[in-house]
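Working through the structure, step by step
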Amino acid sequence: DAGVTQSPTHLIKTRGQQVTLRCSPKSGHDTVSWYQQALGQGPQFIFQYYEEEERQRGNFPDRFSGHQFPNYSSELNVNALLLGDSALYLCASSLRDRAFVDGYTFGSGTRLTVV
Amino acid sequence: QQQVKQSPQSLIVQKGGISIINCAYENTAFDYFPWYQQFPGKGPALLIAIRPDVSEKKEGRFTISFNKSAKQFSLHIMDSQPGDSATYFCAANTGRRALTFGSGTRLQVQP
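A brief structural summary. All values reported here derive from a predicted model rather than from experimental measurement. (Residues numbered from 1 in each chain as written. Chains lettered and ligands numbered in written order. Predicted model: local features only at pLDDT ≥ 70, side-chain atom pairs only at ≥ 80, totals over all residues. Heavy atoms only, no water.)

Here we take up the packing of aromatic side chains. All chains considered together, the criterion is met by 18 aromatic pairs over all chains. With 5.5 Å between their ring centres and 80 degrees between their planes, F106 of chain A and Y36 of chain B make a pair best called edge-to-face. Residue F106 of chain A is found in strand β10 (residues 105–106), and its partner Y36 of chain B is found in strand β4 (residues 33–38); the two belong to separate chains. Residue F106 of chain A is classed as buried on the basis of its relative accessible area, which comes to 9%. Looking at Y36 of chain B, the relative accessible area reads 0%, which means it is buried. Ring centres of Y25 of chain B and F33 of chain B lie 4.8 Å apart, and the angle between their planes is 45 degrees; this geometry places the pair in the tilted category. F33 of chain B shares its class with Y25 of chain B; the two are buried. When the ring centre of Y50 of chain A is taken as origin, the NZ or CZ atom of R96 of chain A, which lies over that ring, is 4.3 Å away. (Phe/Tyr/Trp six-rings, centres within 6.5 Å; stacked < 30°, edge-to-face > 60°. Helix = DSSP H or I, 4+ residues; strand = E, 2+ residues; numbered from the N terminus. Buried < 20%, exposed > 50% of the residue type's maximum accessible area, 1.4 Å probe, protein only. Lys NZ or Arg CZ within 6 Å of the ring centre and 35° of its normal.)

Right under this line is the structure:
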C-alpha cells in the first residue's frame, strides 16, 4: 500500500516564476495538509483541504494557493516566487475523523530551490 | 500565537544511553501531542502520541511523559541506538486543527 506520493522530488525555479507541486494521499485518507519546512526548522502549516475545500489556513500569503481533486489528490501552487520560498514542501494526509488516533502520514516532500 | 517550544536543538548520546527531548506548549486547548521522527531526505513519520488524560505512554523503547499542569511533555528514548539518529519533532493540536510543530532536535547516537 503506497503512502503519500509527492512530485516532483526536486525543483529549481527562478524568482518571480510560478510553481505547482502535487500530492497523492495515502489510500483511504480524505484530508490533505501542506507544510513548508525551511532548512533546520520544523514544518510550518500552509493549508488543509477536505472535500475539495480549503478548511484551514496558516500564516501564508495569498501567493500560496491549492486545490483538492475528487480523488483526494492535491496541488500546491505558489505564484511570484521569492528566494525565501526555497524549502522542503511536505504533504500530509489523514482520515479526517481519525487523525488524532492514526496520525498524519507525510510524504518525502518536494525540495524547491528558488534562484 | 500557538507555539510549541522544543529543546535541546541538538543532542549527542552514546549507544545504550537515554535520549531526552523536551517540549513546552502555551495553548491549553491542545489535546493531542505526537512525536515525529525524520530522517534526511524523508518526511516526518509518526513515532508515538499521547492525549492529556494520561501522564505517560510507552511503546517499546520510546516513552512520552506528559505534565499537564506544567504544559510540558518529553520524549525518552531508552537504550538509544545509532539507527535512532534522526531529527525529532514534537507537535500539538486540538480537534481537527493543523499540527503545530516544534523546531526539532537533531539526535546523534554514537556507537
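Residue and element names in this part refer to chain A. Read from one edge of the open sheet, 4 strands run β1-β3-β8-β7, paired in antiparallel fashion. Pairing within the sheet leaves two strands with one partner each, and these edge strands are β1 (5–7) and β7 (64–68). Between one strand and the next, the sheet's axes are offset by a mean angle of 15 degrees, whatever the strand orientation. Relative to strand β8 (residues 74–78), strand β3 (residues 19–24) runs antiparallel, the two being bridged by 5 bridges. (Pairing = 2+ DSSP bridges. Axes fitted to C-alpha atoms, helices over the stretch in contact; angles between N-to-C directions.)

Attention shifts here to the pairing of strand β6 (residues 56–59) of chain B. As paired elements, β6 of chain B and strand β7 (residues 62–67) of chain B share 4 bridges and run antiparallel to each other. Directly across from E56 of chain B, in β7 of chain B, lies its bridge partner S65 of chain B.

Bringing the environment of T100 of chain B into the picture now. Take T100 of chain B: it is sitting in strand β10 (residues 100–101). As a C-alpha pair, T100 of chain B and F33 of chain B span 67 residues in sequence and 9.6 Å in three-dimensional space.

On to the pattern of salt bridges. Oppositely charged side chains are able to pair whenever their charged atoms sit close together. All names here are of chain B. Evaluated as defined, the whole model comprises 8 salt bridges over all chains. Among the salt bridges present, the one from R51 reaches D31, with a minimum N-O distance of 3.8 Å. Of this pair, R51 sits in the loop between β5 (45–50) and β6 while D31 is found in the loop between β3 (19–25) and β4, placing the two residues 20 residues apart along the sequence. Look at R51 and you get partly exposed, because its relative accessible area is 29%. Of the residues examined, D31 reaches a relative accessible area of 21% and is grouped as partly exposed. (Salt bridge = Lys/Arg side-chain N within 4 Å of Asp/Glu carboxyl O.)

Time to look at unusual backbone geometry. In this model, S7 of chain A is joined to P8 of chain A through a cis peptide bond whose omega is -10 degrees. Structurally, the position occupied by P8 of chain A is in the loop between β1 and β2 (10–13). Residues S7 of chain B and P8 of chain B are joined by a peptide bond in cis, for which omega reads -5 degrees. One non-glycine residue, K71 of chain B, lies in the positive phi region at around 55 degrees. The residue K71 of chain B is located in the loop between β7 and β8 (72–77) in this model. The class of K71 of chain B is partly exposed, set by a relative accessible area of 28%.

Here we come to the sheet that holds β8 of chain B. Residues and elements named next belong to chain B. With antiparallel pairing, 5 strands are arranged side by side in an open sheet as β1-β3-β8-β7-β6. Single-partner strands in this sheet number two, and they are β1 (4–7) and β6. Pairwise comparison of adjacent strand axes, ignoring direction, gives a mean angle of 15 degrees for this sheet. When β3 meets β8, the two strands line up antiparallel, connected through 6 bridges. Counted as the bridge partner of I20 is H76 from β8.

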